[in-house]
Amino acid sequence: MADYDPAQSQPPGYMPGEVWTWDAPSGGQFANINRPISGATHDADLPVGKHPIQLYSLGTPNGVKVTICLEELVELGHGGAEYDAWLINIMGGDQFSSGFVAVNPNSKIPAMVDRGVTPQVRLFESGSMLFYLAEKFGAFLPSSGRGRAEVMNWLMWQMGSAPYVGGGLGHFYAYAPFKMEYPINRFAMEVKRQLHVLDSHLANNQYMAGDDYSIADMAIWPWYGGLMREIYGVQKFLSVAEYRHLDRWVDQVGARPAVQRGRMVNRRFGAPDSQLHERHDARDFTHNRADMVEARGGEWIDFA
Ligand SMILES: N[C@@H](CCC(=O)N[C@@H](CS)C(=O)NCC(=O)O)C(=O)O
């Protein structure tokens, strides 16, 4: 390894060994669920509800992309997009059950099964789910040509870019066990660059792919809308108010009723009236929000 002064390392004196070994937890939030191996840790089947689409998720930005898409499809009148959304507690290790791993070998939410086709189709990676749903229902994705390519450009941009937001800046700014200037600077620089990419594009475009709302907006809004408003408490640090066109789009997309419903599904944080822990029926939004269930002493009204 080239000219490094180990005294400058964190912790001082640290140099990576020749071979990394898993001998100590890395510290910080999520340390208890991080492992260097894949696969199931325990046997447990996933629950199955009455609808063709079964979603196993949590109301994080990656989960919300898919619930927004499903709510938009249901609102358009696609009955086949009705879904059961089951809660996966990632801090409790639900993503390492044998049932979950069979659907997503990568053990991350969201995971989805389409049981409305034979043989049934498993889906992992939120971008893959958005693409599958758009194709299946012929919505929110032009069928060919330039418009379709533009949607896919931005969908893939989101999938490649968001890890710098979450695994990069979010991790080091909010979750790491202590503050480190180098990674915080590096990822703040990159995330501000990404925000500028979006702001410049939205200066001349109503939506991400032009005049029409698409799965690209559904993918980008939960991450970058979140970044503009609430995620990691990093808004002042990033001076997000300067991204005026992005700000306009965040409000515009956020005002859609399906987006407002989608972001409630499988949500386990924030105000109780913003949380719908599971979604099995459209009426759950008006009867089974966390504040309503709590007021009934924990009783869930079963419409299934
Ligand atoms: N690229 C994946 C990322 C999914 C992801 O990172 N999910 C996180 C929650 S947002 C997770 O399940 N983490 C649990 C773990 O790492 O064990 C996608 O878009 O679906």
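To keep things clear, this report deals only with the structure shown in the data block. (Residues numbered from 1 in each chain as written. Predicted model: local features only at pLDDT ≥ 70, side-chain atom pairs only at ≥ 80, totals over all residues.)

1. As for the site of the ligand
Around the ligand, the neighbouring residues are I33, T60, N62, I90, Q95, S107, K108, I109, P110, E125 and S126. Classifying every residue of the shell around the ligand by side-chain character gives 4 nonpolar, 5 polar and 2 charged. (Near = placed C-beta within 6 Å. Nonpolar A, V, L, I, M, F, W, Y, C, P; charged D, E, K, R; others polar.)

2. With respect to the pairing of strand 4 (residues 121–124)
Where strand 3 (residues 111–114) lies against strand 4, 4 bridges are found, and the strand directions are antiparallel. If you follow V113 over to strand 4, its bridge partner there is R122. Connecting strand 3 to the next strand, strand 4, in antiparallel fashion are 6 residues. (Pairing = 2+ DSSP bridges. Helix = DSSP H or I, 4+ residues; strand = E, 2+ residues; numbered from the N terminus.)

3. Re helix 7 (residues 244–254)
Those residues of helix 7 not exposed but buried are L246, W249 and V250. Burial along helix 7 is one-sided: seen end-on, the buried residues are contained in an arc of 105°. For helix 7, exposure combined with an orientation more than 90 degrees from the buried face picks out R244 and D251. Buried positions along helix 7 lie against helix 5 (181–202) and helix 6 (215–229). (Buried ≥ 20, exposed ≤ 12 C-beta atoms within 10 Å, placed from the backbone. Arc of directions from axis to C-beta. Contact = placed C-beta atoms within 7 Å.)

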